[in-house]
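Listed below, chain by chain, are the residues.
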Amino acid sequence: MDLWLQATVWMGLAFLAALISIRLGISVAMVEIFVGALGGNFLGVHPTSWINALAAVGSVVLTFLAGAEIEPAVLKQRWKESLIIGFVSFLLPFLAAMAYAYYVAGWSPAGAKITGIALSTTSVAIVYAVMVETGLNKTELGKIILAACFITDLGTVAALGVLFANYNLWLLAFALATAIALPLLAPLSRKVFAALADRVSEPETKFFFLVLFGLGALAAKANSEAVLPAYLVGLAVATVFSQQKQFVRRLRGLAFAFLTPFYFLKAGALVSFKALWAGLGLVIILLAVKMAAKLAGVWPLTAAFRFGKNDGIYTTLLMSTGLTFGTISSLFGLTHGYIDRQQYSVLVTVVILSGVIPTLIAQAFFKPEGKLKEQAPAVAAVPIEKTLPPRASEGGK
């Protein structure tokens, strides 16, 4: 009876968050965190063992889908710009936030590392949604931003795995299993889809869950995080998923309807308003540290690559967003005892604000004029707009 009552309350909160998200037109993940915080602070809603399990699966599947959204072809176009911007977008905020947390705020070394990781992120989910809504995903500028986001978040996930892993035989087993699995996944996935697709029992879905759970188990044994292999597995099968639109739609529906709400509601339920109020000044400072580090790192690079002033600021603002991996990193730190609940509340609030504020500023004041609008199919066939100058080696073609 208690289990079903808990399930009713949590799903009720998830449904309420969905309605608010639709009404306000903002990311449902942000609303779920906010609604979860209200539930945790005013309704006595707290995670149980089965909610923790669903939340863990939700974070892994969400990370897997984020990796699968990256088109490998995007990484091959303008790879230099994407690689450099993405790496600097990770490195400078990571170092700046970690240094401030340790030297100024007085957090522990482990807590400072969690701070650096959580605030180095770029939200693929938010950026991808903005790119699709504006049509910029079809332009060179949009492709560079999406590819740079992938590089940034890859650095974030890798840092989480490397800095907190146990360097023992389990880590070696995890590294070997991942190295063997990744190149085999694309051809194996094609065979699975060819032989087992469109069955009521969804064997192809179970196949990917098997891979994610297996690599996640090895990652956990090495004291790493299951989202690390999930992101890489998603990228490894991205080309396969691009040809399986129906399957991706079903998997995304399962994730966002049943799994990820528990993750984001849990992330919000663990936020203490009392602790947040006590650390409100630190929230403002850490948000400023992240934004300043992103600005100092990304904006000069956009000028060096001749983005143009408006497009450069727009790119910098979108690279400053954060959400999924920021909350995953913060929750990892809390559950493993690297940060306390007050520190967690501060970090999650900074992550949420970094997802909202830069996006609103970018869309309101710096949206590129040369965006592709959603029109008839004939228009989509027109060559990609050149929102950036051509390379010198291309001869202006």
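Anything mentioned here points back to the structure above.
Residues numbered from 1 in each chain as written. Predicted model: local features only at pLDDT ≥ 70, side-chain atom pairs only at ≥ 80, totals over all residues. Heavy atoms only, no water.

**Student:** What is the right way to look at the overall build of the protein chain in this model?
**Tutor:** Helix and strand content of the protein chain: 19 helices and zero strands. Relative to its length of 397 residues, the protein chain is compact, with a C-alpha radius of gyration of 21 Å against a globular reference of 21 Å. For the C-alpha atoms alone, the extent of the protein chain along its principal axes is close to 65 × 55 × 50 Å. Within the protein chain, the fraction of its 397 residues that count as buried is 51%. Counted over contacts in the protein chain with a minimum sequence separation of 6, partners at least 24 positions apart contribute 82%. Once the 29 positive and 18 negative side-chain charges of the protein chain are each reduced to a mean point, those two points are 3 Å apart. (Helix = DSSP H or I, 4+ residues; strand = E, 2+ residues; numbered from the N terminus. Rg over C-alpha atoms; globule rule 2.2 N^0.38 Å. Buried < 20%, exposed > 50% of the residue type's maximum accessible area, 1.4 Å probe, protein only. Contact = heavy atoms within 4.5 Å. Lys, Arg positive; Asp, Glu negative; His and termini not counted. Charge placed at Lys NZ, Arg CZ, Asp CG, Glu CD.)

**Student:** When you look at the nonpolar core in this model, what are you seeing that I'm missing?
**Tutor:** Nonpolar side chains in soluble globular proteins generally cluster together in the buried interior. With 80 residues, the main nonpolar core has Met131, Ile145, Leu286, Tyr314, Leu318 and Tyr344 as its most contacted residues. The dominant element in this core, judged by the number of residues it contributes, is helix 8 (residues 140–163), at 11 residues. For Tyr314, the residues in contact, after removing those within four places along its chain, are Val130, Met131, Leu136, Ile145, Ala362, Gln363, Phe366, Lys367 and Pro368. In this structure, Ala17, Leu54, Leu259 and Ala269 belong to the second largest nonpolar core, which totals 38 residues. (Core = buried A, V, L, I, M, F, W, Y, C linked by side-chain atoms within 4.5 Å.)

**Student:** What exactly am I supposed to notice about the packing of aromatic side chains here?
**Tutor:** Each aromatic ring pair is summarised here by two numbers: the centre-to-centre distance and the angle between the ring planes. This model, assessed by the stated rule, comprises 22 aromatic pairs. Summarising the aromatic geometry, the rings of Phe193 and Phe208 are spaced 5.9 Å apart at their centres and angled 40° between planes, so their arrangement reads as tilted. Of this pair, Phe193 sits in helix 9 (residues 169–196) while Phe208 sits in helix 10 (residues 203–221), and the two are 15 residues apart along the sequence. Neither Phe193 nor Phe208 differs from the other in exposure class; each is buried. When the ring of Tyr231 is compared with that of Phe325, the centres are 5.2 Å apart and the planes differ by 80°; the resulting orientation is edge-to-face. (Phe/Tyr/Trp six-rings, centres within 6.5 Å; stacked < 30°, edge-to-face > 60°.)

**Student:** Help me understand the packing of helix 17 (residues 324–335) against helix 18 (residues 341–365), please; the structure alone is not making it clear to me.
**Tutor:** Describing two packed helices takes the angle between their axes plus the distance from one axis to the other. Between helix 17 and helix 18, the shortest axis-to-axis distance is 9 Å and the interhelical angle comes to 175°. Here helix 17 is positioned roughly antiparallel relative to helix 18, judged by the angle of their axes. Taking contact as the criterion, the partners of Gly326, Thr327, Ser330, Leu331 and Leu334 in helix 17 are, on helix 18, Arg341, Tyr344, Leu347, Val348 and Val351. Taken together, the residues of the contact of helix 17 with helix 18 sort by class into six nonpolar, three polar and one charged. (Axes fitted to C-alpha atoms, helices over the stretch in contact; angles between N-to-C directions. Parallel < 35°, antiparallel > 145°, perpendicular 65-115°, else oblique. Nonpolar A, V, L, I, M, F, W, Y, C, P; charged D, E, K, R; others polar.)

**Student:** Which parts of the structure should I look at to understand helix 5 (residues 79–104)?
**Tutor:** A turn of α-helix holds 3.6 residues, and therefore any two residues three or four places apart point the same way. End to end, helix 5 covers 37 Å across 26 residues, agreeing with the expected 38 Å (1.5 Å per residue, within 8%). The set of residues buried in helix 5 consists of Glu81, Ser82, Ile85, Gly86, Val88, Ser89, Phe90, Pro93, Phe94, Ala97, Tyr100 and Ala101. Looking at the buried side of helix 5, the elements it contacts are helix 6 (109–118), helix 8, helix 15 (280–304) and helix 16 (309–319). Where helix 5 terminates, the next one or two residues include Gly106, which has phi positive at roughly 80°. (Expected span 1.5 Å × (residues − 1).)

**Student:** Just checking my understanding: could you explain the environment of His336 for this structure?
**Tutor:** On the secondary structure map, His336 appears in the loop between helix 17 and helix 18. By relative accessible area, His336 is classed as partly exposed at 38%. Counting along the chain gives 172 residues from His336 to Phe164, while the straight-line C-alpha distance between them is 10.0 Å. Within the structure, the side chain of His336 is placed 2.9 Å from the backbone oxygen of Phe332, a separation counted as a polar contact. (Polar contact = N/O pair within 3.5 Å; in protein donor to acceptor, adjacent residues only side chain to side chain.)

**Student:** How do you make sense of helix 16 when you look at a structure like this?
**Tutor:** The buried fraction of helix 16 is high, at nine of 11 residues. Looking at helix 16, one finds that the buried residues are Asp311, Gly312, Ile313, Tyr314, Thr315, Thr316, Leu317, Leu318 and Met319.

**Student:** Can you walk me through unusual backbone geometry in this structure?
**Tutor:** Glycine aside, residues mostly have negative phi angles, and peptide bonds mostly take the trans form. In this structure, Asp198 takes a positive phi of about 60° despite not being glycine. Relative to the assigned elements, Asp198 resides in the loop between helix 9 and helix 10. Unlike most non-glycine residues, Glu202 shows phi in positive territory, near 50°. Relative to the helices and strands, Glu202 is located in the loop between helix 9 and helix 10. Of the residues examined, Glu202 reaches a relative accessible area of 22% and is grouped as partly exposed.

**Student:** Which parts of the structure should I look at to understand the side chain of Gln6?
**Tutor:** One can find Gln6 in helix 1 (residues 2–24). Looking at Gln6, its side chain comes within polar contact range of the side chain of Asp2, at 2.7 Å. At a separation of 3.0 Å, a polar atom in the side chain of Gln6 contacts the side chain of Trp50. Excluding anything up to four places from it in sequence, Gln6 contacts Thr48 and Trp50.

**Student:** Any chance you could explain the side chain of Ser89 here in plain terms?
**Tutor:** Examined against the element boundaries, Ser89 turns out to sit in helix 5. With a relative accessible area of 0%, Ser89 lands in the buried category. Ignoring anything within four residues of it in the chain, the contact list for Ser89 reads Ser120, Thr122, Thr152, Lys294, Val298 and Met319.

**Student:** Explain the environment of Leu287 to me, please; I cannot follow it from the model alone.
**Tutor:** The topology assignment puts Leu287 in helix 15. Classification of Leu287 by relative accessible area gives buried; the value is 13%. Separated by 167 residues in the primary sequence, Leu287 and Ser120 have C-alpha atoms spaced 11 Å apart. The contacts of Leu287, once residues within four sequence positions are left out, are Val350, Leu353, Ser354 and Ile357.

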